[in-house]
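# Close look at the chain arrangement
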Amino acid sequence: MSVPVEITINGRVFSGEVEPRQLLVHFIRENAGLTGTKVGCDTSQCGTCTVQLDGAIAKSCTVLAVQASGSTVNTIEGLSDGVDLHPLQEAFWNKHGLQCGFCTPGMIMASEELLRNNPSPSREEIRHALEGNICRCTGYQNIVSAVEEAAGAMGGS
Amino acid sequence: MFPSQFTYHRAASVAEAVELLNGNEGAKLLAGGHSLLPMMKLRLASPPTLVDIGQVAELKGVSADGDGVRIGALTTHAEIAGSALVQERAPVLAEAASRVGDPAVRNRGTIGGNVAHGDPQSDLPTVLTALGATINAAGQNGERGIAAADFFTGLLENALDDGEIVTSVSVPGVASGAGTAYVKFSHPASRYSVVGAAAIVSVANGVCSSASVVVGGVESTPTRAASVEAALAGSGVGADALAAAASAVSGDFQGDAMGDVYASSEYRQAMAGVYVRRALEAAVARGG
Ligand SMILES: Cc1cc2nc3c(=O)[nH]c(=O)nc-3n(C[C@H](O)[C@H](O)[C@H](O)COP(=O)(O)OP(=O)(O)OC[C@H]3O[C@@H](n4cnc5c(N)ncnc54)[C@H](O)[C@@H]3O)c2cc1C
Ligand code: FES
Ligand code: FES
């Protein structure tokens, strides 16, 4: 039996009939066609599926699409205006904060929440905020440096 | 991975949730979904019906309750960690909530789901037992309170009757002057506690006047460290005295210590002594 779902993603309303067991990450990727958000572990641990659900980061592989009906979701695609990169995207580029790039959408969405709550985080605080995001390539040093640089560019230090 | 099929209901109130739960054979509540959905994706659980309580406003929030706090079942770990009232009246609970999983897990997971799930690797059952909290439940026969010490009855088992839901948790305020601490050994991938230790310690004239010490992660339910508490009663609180008291914890495990590929039961028990010592040191340092 399908259920109606309506979710506002990056400011645009997406509605559809889905099975109750459909996960939010699949609604984002398949119904909305926004494939920036990845599925990595699928066991709630790696964070590459991280999106912002009503303003707070969530692992979208561990939320049902129907649970999010009526909510607002922001994904990596919503971060830039399509012309200029967001300071976090710019900084991940400058600081080599990515190699394969698979973890990057989740890293950036989690970092965005951190900088909103704490504009000038220490390296330790950055690591703590990214505890739920796993990277198999970079060794994290450059990710932390990228978030530091973005904080500076956004007016923090 | 997908869960197997189920019917979905969204409840608007506690009364409606109780009705839906009782009217659908095998139905399960869905709160933050951060214990239930992973189990359903692995097909370790396949409930035919889910009753989503995620939008029930009356289950959310923290309020003052006598000298303690009352925390709605749907309050998230992030909200508990950030609550000024919890930080002031039961700082050890705010500390434990701030160490659950990672930031995304803390944004979704709720105290009601955490206690109802009863995972031995969880943090809140350990701390709520140490604090002497009460779990408030509602069902078809009305409401009742269950002491945390009686609530956790086994691995993923609790004292709720069928069709009962957790509505809130009442936490007594910590006595003024008492020092508290929660320390944990986080699993490196999931951040669940391999071992967690909660300590609430009062000191008068350099001597321990009361102590509540509870360990999680070793047995299937929180272990009250009665031998440690007895060793502390009337004892000094210097480093040697605390270390000696902490080592008594080995006498508190009743032989059902758990082990897995990551940490054997012997290792967990050995680490319990270390983490109890650290919790006692931190609690004593913060008291006064
Ligand atoms: C990657 C990861 C890491 C984690 N790390 C930790 C950790 O370090 N420490 C820790 O303590 N926890 C950890 N958790 C678990 C997390 O805290 C869960 O959110 C929590 O245990 C369950 O809360 P929930 O709201 O998500 O419940 P749900 O998953 O929605 O429900 C869990 C169970 O409780 C029942 N239930 C839910 N609400 C109620 C209610 N009000 N009344 C009666 N029954 C109810 C459900 O039917 C279900 O059986 C982790 C989870 C993940 C995914
Ligand atoms: S895919 Fe969601 S946490 Fe890994
Ligand atoms: S850049 Fe490859 S996983 Fe992080």
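Chains are numbered independently. Their residues run from 1 in the order of the written sequence. Each chain is given a letter, starting from A, and each ligand a number, starting from 1, according to the order in which they appear as written. Predicted model: local features are reported for residues with pLDDT of at least 70 only, side-chain atom pairs are reported and counted for 80 or more only, and whole-chain, interface and lining totals are derived from all residues. Heavy atoms throughout the structure, all of them, feed into the side-chain values; hydrogens and water do not.

A separate point is the domain arrangement of chain A. All names here are of chain A. These domain limits were set by an automatic method or by a database of domain assignments. In terms of domains, chain A is made up of domain 1 (3-78) and domain 2 (87-153). When each unit is reduced to the centre of its C-alpha atoms, the spacing between domain 1 and domain 2 is 21 Å. The partner domain 2 presents 14 residues to the 17 residues of domain 1 that form the contact. Once two parts are put together, the accessible area they lose, assessed with a 1.4 Å probe and summed over both, is termed the buried area. The largest contributions to the domain 1 side of the interface with domain 2 come from Q52, I57 and I76, which together make up 40% of the buried area. Salt bridges, as used here, are contacts in which a Lys or Arg side-chain nitrogen is within 4 Å of a carboxyl oxygen on Asp or Glu. If you look at where domain 1 meets domain 2, you find 0 salt bridges. As used in this structure description, the phrase polar contact means that two N or O atoms lie within 3.5 Å; if the pair is within protein, one of them must be able to donate a hydrogen and the other to accept it, and residues adjacent in sequence are counted only when both atoms belong to side chains. On the surface where domain 1 and domain 2 come into contact, there are 9 residue pairs in polar contact (both at pLDDT 80 or more). Residues are treated as being in contact if the distance between any of their heavy atoms lies within 4.5 Å.

All names here are of chain B. Residues are said to line a cavity or pocket when one of their atoms sits within 4 Å of a point; the points come from a 1 Å grid over protein atoms alone, cavities being sets where a 1.4 Å probe fits but cannot get out and pockets being open sets with protein on both sides within 12 Å along at least five of seven lines. Grid points are joined across faces, edges and corners, and a volume is the space filled by probe spheres set on the points. The tally for this structure, following the rule as stated, stands at 4 cavities of 30 Å³ or more. Of the volumes computed, that of the largest cavity is approximately 80 Å³. Along the walls of the largest cavity sit 15 residues, with D119, P120, S220, T221 and P222 positioned nearest its centre. Helix and strand definitions here come from DSSP, where helices need a minimum of 4 consecutive H or I residues and strands a minimum of 2 consecutive E residues; each element is numbered from the N-terminal end. At the level of secondary structure, the elements contributing two or more residues to the lining of the largest cavity comprise helix 8 (124-131) and strand 8 (152-154). When residue character is reported, Ala, Val, Leu, Ile, Met, Phe, Trp, Tyr, Cys and Pro are called nonpolar, Asp, Glu, Lys and Arg charged, and the others, Gly included, polar. Looking at the lining of the largest cavity, its residues break down into 4 nonpolar, 8 polar and 3 charged. Counting contributing residues per domain, the lining of the largest cavity is built from domain 2 (57-171) and domain 3 (179-286), each supplying no fewer than three.

With that out of the way, let us pick up the side chain of K184 of chain B. Residue and element names in this part refer to chain B. Its location among the elements puts K184 in strand 11 (residues 179-186). Categorising residues by exposure relies on relative accessible area from a 1.4 Å probe, with only protein chains included: less than 20% of the type maximum marks a residue as buried, more than 50% marks it as exposed, and the intermediate range marks it as partly exposed. The buried category is assigned to K184, whose relative accessible area is 6%. At 2.8 Å, the side chain of K184 and the backbone oxygen of R99 are in polar contact. Among the polar contacts listed, one links the side chain of K184 to the side chain of D123, at a separation of 2.9 Å.

Attention now moves to the interface of chain A and chain B. Where interface size is quoted, it is often the accessible area lost as the parts come together. With 27 residues of chain A in contact, the opposing surface of chain B contributes 32 residues. Counting the surface lost from both chain A and chain B, the interface buries some 2,500 Å², and carbon and sulfur atoms represent 57% of this. Our count for the contact surface shared by chain A and chain B stands at 3 salt bridges. With a shortest N-O distance of 2.6 Å, K59 of chain A and D102 of chain B are connected by a salt bridge. Those elements giving two or more residues to the side of chain A that touches chain B turn out to be strand 4 (56-59) and helix 4 (123-129) of chain A.

Our focus in this paragraph is helix 3 (residues 104-117) of chain A. Residue and element names in this part refer to chain A. Here helix 3 is 14 residues long and its end C-alpha atoms lie 20 Å apart, about the 20 Å a rise of 1.5 Å per residue gives. By the criterion of burial, helix 3 is predominantly enclosed, with 12 of the 14 residues buried. Buried residues of helix 3: T104, P105, G106, M107, I108, M109, A110, S111, E112, E113, L114 and L115, and no others. One fewer than the residue count of a helix, multiplied by 1.5 Å, yields its expected span.

Right, let's talk about the sheet that holds strand 7 (residues 142-147) of chain B for a bit. Residue and element names in this part refer to chain B. In short, DSSP must find at least two bridges between two strands for them to pair. Strand order in this open sheet of 5 strands is 4-5-10-6-7, and the pairing throughout is antiparallel. What marks the edges here is a single partner per strand, and that holds for strand 4 (62-65) and strand 7. On average, each strand axis in the sheet is tilted by 25° relative to the strand beside it, whichever way the strands run. Strand direction decides the pairing type here: strand 5 (residues 68-72) and strand 10 (residues 165-171), joined by 4 bridges, are antiparallel. From the neighbouring strand, R70 faces strand 10, where its bridge partner is S170. Only the contacting stretch of a helix is used when fitting its axis, a line to C-alpha atoms as for every element, and angles between N-to-C directions run 0 to 180 degrees. Lying on the sheet, helix 1 (residues 14-23) is in contact with strand 6 (134-139) and strand 10; it crosses strand 10 at an angle near 130°.

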